[in-house]
Amino acid sequence: MSSPAPAPAAAPALPLEFTTPRLVARPTRVADAPEIFAAYAADPLVTRYLSWRHHASPATVAEFLAHGEWAWATGAGHRGYALRLRATGELVGSIGLEIKGPAVMFGYVLGRSYWGNGYMPEALVHLVDWALAQPGVYRAWAFCDADNPGSARVMEKAGMEFEGRLRRWHVCPELGDEPRDCVVYARVR
Ligand SMILES: CC(C)(COP(=O)(O)OP(=O)(O)OC[C@H]1O[C@@H](n2cnc3c(N)ncnc32)[C@H](O)[C@@H]1OP(=O)(O)O)[C@@H](O)C(=O)NCCC(=O)NCCS
């Protein structure tokens, strides 16, 4: 008689704080709403290729962050970290992830005035390294709009490789109702 199949590995517990040379990351909280609103959530250029439209007030950001607190409390869904500069404590953006079995998917956003300093690759490479060091995780991946080469470059700089194009994959509400083509990048072990 054959022995039963081994149970799937439990989902890894996420760190409640991590640091990189220039950044410190902690779970987003409702209390971050005013800073997130000021840093990036009100800017339609920032949200152009995201799955949500820019916000008109910190109150709606707070509602969104309440869902995030629920995700952190239950360990399910997309969990986001607020990214701050270690030097000043300034909130500059956020990075989040969702674990589905052996795969961890990432998403990220940075305030416009902080673009071009390599902050997001710095955060992403840290989390990708962390994810692929967890038992049971074999794939770290992300996608972005096919017209968002800056985001594709972030994935490349984090060591992910181009895997292909997902046609008509993702709606960017700032740009319309129709799903748009995306590109997928991943690092595996
Ligand atoms: C995408 C984003 C996170 C990049 O973060 P960042 O910390 O500024 O990233 P970097 O400093 O590494 O700069 C982006 C890289 O993309 C390159 N890049 C930017 N725009 C580009 C373009 N139009 N074409 C080609 N490359 C571009 C830059 O040259 C740089 O690469 P390099 O260092 O090799 O020169 C930031 O621009 C952002 O938050 N944008 C809005 C939200 C968003 O699109 N998030 C991703 C959703 S999938």
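Above this text you will find the structure in question.
Note that the structure is predicted; figures quoted are calculated from it, not measured. (Residues numbered from 1 in each chain as written. Predicted model: local features only at pLDDT ≥ 70, side-chain atom pairs only at ≥ 80, totals over all residues.)

K.L.:
Whenever I open this one, the nonpolar core confuses me. Can you help?
P.N.:
A general trend in soluble globular proteins is that nonpolar side chains are found buried together. Counting residues in hydrophobic clusters, the biggest one holds 47 residues, and the most contacted among them are Leu83, Ile95, Phe106, Ala123 and Leu124. Ranked by the residues each element gives to this core, the list is headed by helix H3 (residues 119-132), at 7 residues. If we skip the residues at most four places from it in the chain, Phe106 touches Ile95, Leu97, Leu124, Leu127, Ala140 and Ala142. (Core = buried A, V, L, I, M, F, W, Y, C linked by C-beta atoms within 7 Å. Buried ≥ 20, exposed ≤ 12 C-beta atoms within 10 Å, placed from the backbone. Helix = DSSP H or I, 4+ residues; strand = E, 2+ residues; numbered from the N terminus. Contact = placed C-beta atoms within 7 Å.)

K.L.:
Would you mind showing me how to read the sheet that holds strand S6 (residues 139-145) here?
P.N.:
Each strand in a sheet pairs with its neighbour through backbone hydrogen bonds, running either in the same direction (parallel) or in the opposite one (antiparallel). Pairing within the open sheet is mixed, and its 8 strands lie in the order S1-S2-S3-S4-S5-S6-S8-S7. Lying at the two open borders of the sheet, with one neighbouring strand each, are strand S1 (18-19) and strand S7 (161-170). Where strand S3 (residues 79-85) lies against strand S4 (residues 91-100), 6 bridges are found, and the strand directions are antiparallel. Note on S4: the bridge partner recorded for Arg79 is Leu97. In the packing of helix H1 (residues 33-41) onto the sheet, the strands contacted are S4 and strand S5 (103-110), and the crossing angle to S4 comes to about 95°. (Pairing = 2+ DSSP bridges. Axes fitted to C-alpha atoms, helices over the stretch in contact; angles between N-to-C directions.)

K.L.:
Is there a simple way to explain the site of the ligand in this structure?
P.N.:
Surrounding the ligand, one finds 21 residues, the nearest of these being Met120, Cys144, Pro149, Gly150 and Arg153. Looking at the shell around the ligand residue by residue, the class counts come to 13 nonpolar, 6 polar and 2 charged. (Near = placed C-beta within 6 Å. Nonpolar A, V, L, I, M, F, W, Y, C, P; charged D, E, K, R; others polar.)

K.L.:
Any chance you could explain helix H4 (residues 149-157) here in plain terms?
P.N.:
Working note: α-helix, 3.6 residues per turn, so residues spaced by three or four point in the same direction. For H4, every residue scored as buried is listed here: Ser151, Ala152, Val154 and Met155. Viewed end-on, H4 has its buried residues packed into an arc of 150°, placing them on one side of the element. Among the exposed residues of H4, those oriented more than 90 degrees off its buried face are Pro149 and Gly150. Looking at the buried positions of H4, the neighbouring elements they touch are H3, S6 and strand S8 (180-188). Residue Gly159 follows H4 closely and has a positive phi angle near 90°. (Arc of directions from axis to C-beta.)

K.L.:
Would you take a moment to explain the environment of Leu110 for this structure?
P.N.:
Following the sequence through the fold, Leu110 ends up in strand S5. Separated by 28 residues in sequence, Leu110 and Ala82 place their C-alpha atoms 10.0 Å apart. In contact with Leu110, other than residues within four places in its own chain, are Tyr40, Val92, Gly93, Trp115, Tyr119 and Met120.

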